[in-house]
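The residues making up each chain are set out below.
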Amino acid sequence: MNLFLETLIGGLLAGTMYSLVAIGFVLIYKASGVFNFAQGSILLFAALTFVTLLEKGLPFVAALAVTIAILILGAIVIERTVLRPLANRSPMTLFMATLGLSYVVEGAAQGIMGAQVHALDLGIEDVPIFLGDVLISQFDLVAATTAVALALILALLFNNTRIGISLRAVADDTRAALSVGINLNRIWQIVWAVAGIVGLVAGMLWGARQGIQFSLSLVVLKALPVLIIGGFTSIGGAIAGGLIVGAAENLAETYVGPYIGGGITPWFPYFLAIAFLYIRPAGLFGERALERV
Amino acid sequence: MSIPATHAASPSAPPLLDVRGVSLSFKGVKAISDLSFSVARGEICALIGPNGAGKSSLLNVLNGVYVADAGEVVFQGEHFRQIEPIDAARRGIARTFQNNALFRKMSTLDNVLTGLARHTRSGLLSQALRLPGARREEARLREKAEAILDFLDLQAYRDFTVGSLAYGIQKRIELARALVSSPTLLLLDEPLAGMNAREKAEMSAFVRDINRDLGITVVLIEHDVGIVLSLSDHVVVLDYGRKIGDGAPDAVKSDAAVISAYLGAVH
């Protein structure tokens, strides 16, 4: 029983990190209907910028502030140079643009800051602690708390401010939002900046665990099954999807792994996602596309 | 608020809206050809005409959804060939759509609050941190939204998700969203469509109140000729994208060309 609980809790905590990555996608998808393939590169870029500044001797808070400022600036540049000229094009065109963008961002990140692996010490000890009789990773606990706090802040931001109302309006009906006088370009800039900051937090947590390096940008591939399960349009769905993927892959690795030779973690989320596509193609909390005929 | 001058009373004042030689076509099909008319400040102007006459297309040109092929629109003395919807909103042109374009998953109050976009000055950060300036602005704007909900008798639906409400109520919420921005010009695309007689009477009373009490100039599209003739100060009749009648309701009603093209077709 303890093994089961440990596996489950460990999986759920790891899952919050997947959720964090997925939230960055959901924000942009909601506001502009674009699957932002560049989210992984932006995550890498953000984490790399932060760790480089830290290595240059900046204090933690200053490095964080400068990185956030750069991300906001980057969001404005991306909106001006990529999104605005392509507004009203098909989702596929925009997706391809973000695919290109991901290479530009990744290339720029490594070109400026180098391709070596950076260690990031957030001062959290990665020593397991006992909670009752269940052994839990302290680092996972901190990461999960951070993810939950960030999700709460986002929920407050988008439910209670008038810019949040504008954002939901854009997500609901873009044409009507424009006619009401909502500044779509500014909403895009805000959303990309916020998604960048979410990416920074996710990148810092992932990076602290496995080092900040090129492979961080591949978390996109981890987020995809989370999004399919949770739905592309719901922050709550991204959280639930992350938890499901985290718990399921951990349980599968422990209980199914020994019979088929292990190494289940990389592909099991996709297996789960395909099952979901059969049963609930829009995901747990996604919107089913209703069309009047 | 002062009582606005009626259409006939101020012939010397420049019109609020002047449409000059506007043409619009879609892939070679003319939707509007060389259309000119003007709307005086403070009047209710009705656009009537059979389906496909170009009425909705014209509204779309006025608030920038479509770009005219030729001609120009003069609004408050400023000339436009092309205007973006957001600029139209900022200059005080608000509108409703033929098939409601509400934010269906949001509450009535939130829908109305979106209409205040052009009056928001504070940024995201000051809103998120609830700085004093942002809070004062927020309080002022919410008060305004509440006042509009009162005015259009929508308080009972304040916290309901819009998508779940009856069609007639949704039409009124869309009107509230347009109205809360204190527009100079209000464009209403079939505000009475799909309503029963009682709802139509209510809605036309609201439109009249908006015009008389708030002094807002209204351009509306409506098929119910009886209501149009009693509600409006000025009627423009379109047929196949061309203007075939323009004047006071009584004059338009007796115009032979109008009768044969439109009124005569309605038995």
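Nothing here was measured: the structure is a model prediction, and the numbers come from that model.

### Structural notes on the domain arrangement of chain B
Residue and element names in this part refer to chain B. Partitioning chain B into structural domains gives domain 1 (13–92 + 183–267) and domain 2 (105–182). On a C-alpha basis, the centroid separation for the pair domain 1 and domain 2 is 27 Å. Contacts between the two partners involve 22 residues from domain 1 and, on the opposite side, 13 residues from domain 2. Between domain 1 and domain 2, the buried area comes to about 1300 Å², and carbon and sulfur atoms account for 74% of it. Residues Arg172 and Glu202 are paired through a salt bridge, measuring 3.6 Å at the closest nitrogen-oxygen approach. In this structure, the connection of domain 1 to domain 2 is made through one residue pair in polar contact (both at pLDDT 80 or more). Counting only elements with at least two residues in the side of domain 1 that touches domain 2, the list comes to helix 2 (85–90), strand 7 (185–189) and helix 7 (197–214). Per element, the largest residue contribution to the side of domain 1 that touches domain 2 is seven residues, and it comes from helix 7.

### Some remarks on unusual backbone geometry
Residue and element names in this part refer to chain B. At Asp34, a residue that is not glycine, the phi angle is positive and equals roughly 45 degrees. Checked against the element boundaries, Asp34 lands in strand 2 (residues 29–39). Classification of Asp34 as exposed rests on a relative accessible area of 57%. Its identity as a non-glycine residue notwithstanding, Glu190 has a phi of 50 degrees, on the positive side. When its relative accessible area of 10% is taken as the criterion, Glu190 is described as buried.

### Focus: helix 9 (residues 219–230) of chain A
All names here are of chain A. End to end, helix 9 covers 16 Å across 12 residues, agreeing with the expected 16 Å (1.5 Å per residue, within 8%). Counting buried residues along helix 9, nine of its 12 residues qualify, which places the element largely inside the surrounding structure. Here helix 9 has its buried residues at Val219, Val220, Ala223, Pro225, Val226, Leu227, Ile228, Ile229 and Gly230. Trailing helix 9 by a residue or two, Gly231 shows a phi angle of about 100 degrees, which is positive.

### Quick look at a nonpolar patch on the surface
All names here are of chain A. A surface patch of nonpolar side chains, amounting to about 860 Å² of accessible area, comprises Leu3, Phe4, Tyr255, Val256, Tyr259, Ile260, Trp267 and Phe271. Breaking the nonpolar patch down by element, the ones donating at least two residues are helix 1 (2–32) and helix 11 (257–260). Assignment of secondary structure puts Phe4 in helix 1. Take Phe4: its relative accessible area is 32%, and that puts it in the partly exposed class.

### Brief notes about the environment of B:Gly245
Residues and elements named next belong to chain B. Within the fold, Gly245 resides in strand 10 (residues 242–247). Each C-alpha atom of the pair Gly245 and Val258 lies 6.2 Å from the other, and the pair is 13 residues apart in sequence. Setting aside residues up to four positions removed in sequence, Gly245 forms contacts with Val235, Val236, Val237 and Val258.

### Some points on empty space enclosed by the protein
Applying the stated criterion to the full structure yields five cavities of 30 Å³ or more. Put simply, the largest cavity is a space of about 100 Å³. A:Ser179, A:Val180, B:Ala94, B:Arg95 and B:Ala178 are the residues nearest the centre of the largest cavity, which is lined by 13 residues in total. Those elements giving two or more residues to the lining of the largest cavity turn out to be helix 7 (174–180) of chain A together with strand 6 (93–96) and helix 6 (167–179) of chain B. The dominant element in the lining of the largest cavity, judged by the number of residues it contributes, is strand 6 of chain B, at three residues. A class-by-class count of the residues in the lining of the largest cavity yields six nonpolar, four polar and three charged. For the lining of the largest cavity, the two domains that each supply at least three residues are domain 1 (13–92 + 183–267) and domain 2 (105–182) of chain B. When its volume is computed, the second largest cavity comes out at roughly 90 Å³. In terms of lining residues, the second largest cavity is bounded by B:Val61, B:Leu62, B:Tyr66, B:Val67, B:Ala68, B:Val73, B:Phe75, B:Phe80, B:Arg81, B:Gln82, B:Ile83 and B:Ile93.

### Thoughts on the interface of chain A and chain B
In this complex, chain A contributes 22 residues to the contact, which on the side of chain B involves 30 residues. In total, chain A and chain B occlude about 2300 Å² of area from one another, counting both sides; carbon and sulfur atoms represent 61% of this. Where chain A packs against chain B, one counts one salt bridge. The shortest N-O distance in the salt bridge between B:Asp110 and A:Arg168 comes to 3.2 Å. Connecting chain A to chain B are five residue pairs in polar contact (both at pLDDT 80 or more). Of all the secondary structure elements, the ones that give two or more residues to the side of chain A that touches chain B are helix 5 (138–160), helix 6 (162–172), helix 7 and helix 8 (184–210) of chain A.

### A closer look at the sheet that holds strand 4 (residues 70–75) of chain B
Residues and elements named next belong to chain B. Pairing is antiparallel across the open sheet formed by four strands, whose spatial order is 2-1-4-5. The open sheet has two free edges, formed respectively by strand 2 and strand 5 (78–80), since each of these has just one partner strand. The average undirected angle you get between the axes of adjacent strands in this sheet is 25 degrees. Of the strands in this sheet, strand 1 (17–26), strand 2 and strand 4 are in contact with helix 1 (residues 55–62), which crosses strand 1 at around 115 degrees.

### Focus: the side chain of B:Ser33
Along the chain, B:Ser33 falls in strand 2. Setting aside residues no more than four positions away along its own chain, B:Ser33 makes contact with B:Val22, B:Ser23, B:Tyr240, B:Gly241 and B:Arg242.

### Section: the pattern of salt bridges
All names here are of chain A. Tallying each qualifying case throughout the model produces 16 salt bridges over all chains. The shortest N-O distance in the salt bridge between Arg84 and Glu79 comes to 2.9 Å. What makes Arg84 partly exposed here is its relative accessible area of 34%. Exposure remark for Glu79: the relative accessible area of 0% places this residue in the buried category.

### What to know about helix 2 (residues 39–55) of chain A
Residue and element names in this part refer to chain A. In this model, helix 2 (17 residues) spans 24 Å end to end at C-alpha, consistent with the 24 Å of a helix rising 1.5 Å per residue. In terms of burial, helix 2 is a largely internal element, 15 of the 17 residues being buried. Once helix 2 ends, the next one or two residues include Gly57, with phi positive near 105 degrees.

Here is what the cut-offs are and how they apply
Residues numbered from 1 in each chain as written. Chains lettered and ligands numbered in written order. Predicted model: local features only at pLDDT ≥ 70, side-chain atom pairs only at ≥ 80, totals over all residues. Heavy atoms only, no water. Domains from an automatic or database assignment. Contact = heavy atoms within 4.5 Å. Buried area = accessible area lost by both parts, 1.4 Å probe. Salt bridge = Lys/Arg side-chain N within 4 Å of Asp/Glu carboxyl O. Polar contact = N/O pair within 3.5 Å; in protein donor to acceptor, adjacent residues only side chain to side chain. Helix = DSSP H or I, 4+ residues; strand = E, 2+ residues; numbered from the N terminus. Buried < 20%, exposed > 50% of the residue type's maximum accessible area, 1.4 Å probe, protein only. Expected span 1.5 Å × (residues − 1). Patch = residues over 30% accessible without salt bridge, like charges linked within 9 Å, V, L, I, M, F, W, Y side chains within 5 Å. Areas by Shrake-Rupley, 256 points an atom, 1.4 Å probe, with all protein chains shown as cover. 1 Å grid on protein atoms, 1.4 Å probe; cavity = no way out; pocket = protein on both sides within 12 Å on 5 of 7 lines; lining within 4 Å. Points joined across faces, edges and corners; volume = space filled by probe spheres on them. Nonpolar A, V, L, I, M, F, W, Y, C, P; charged D, E, K, R; others polar. Pairing = 2+ DSSP bridges. Axes fitted to C-alpha atoms, helices over the stretch in contact; angles between N-to-C directions.

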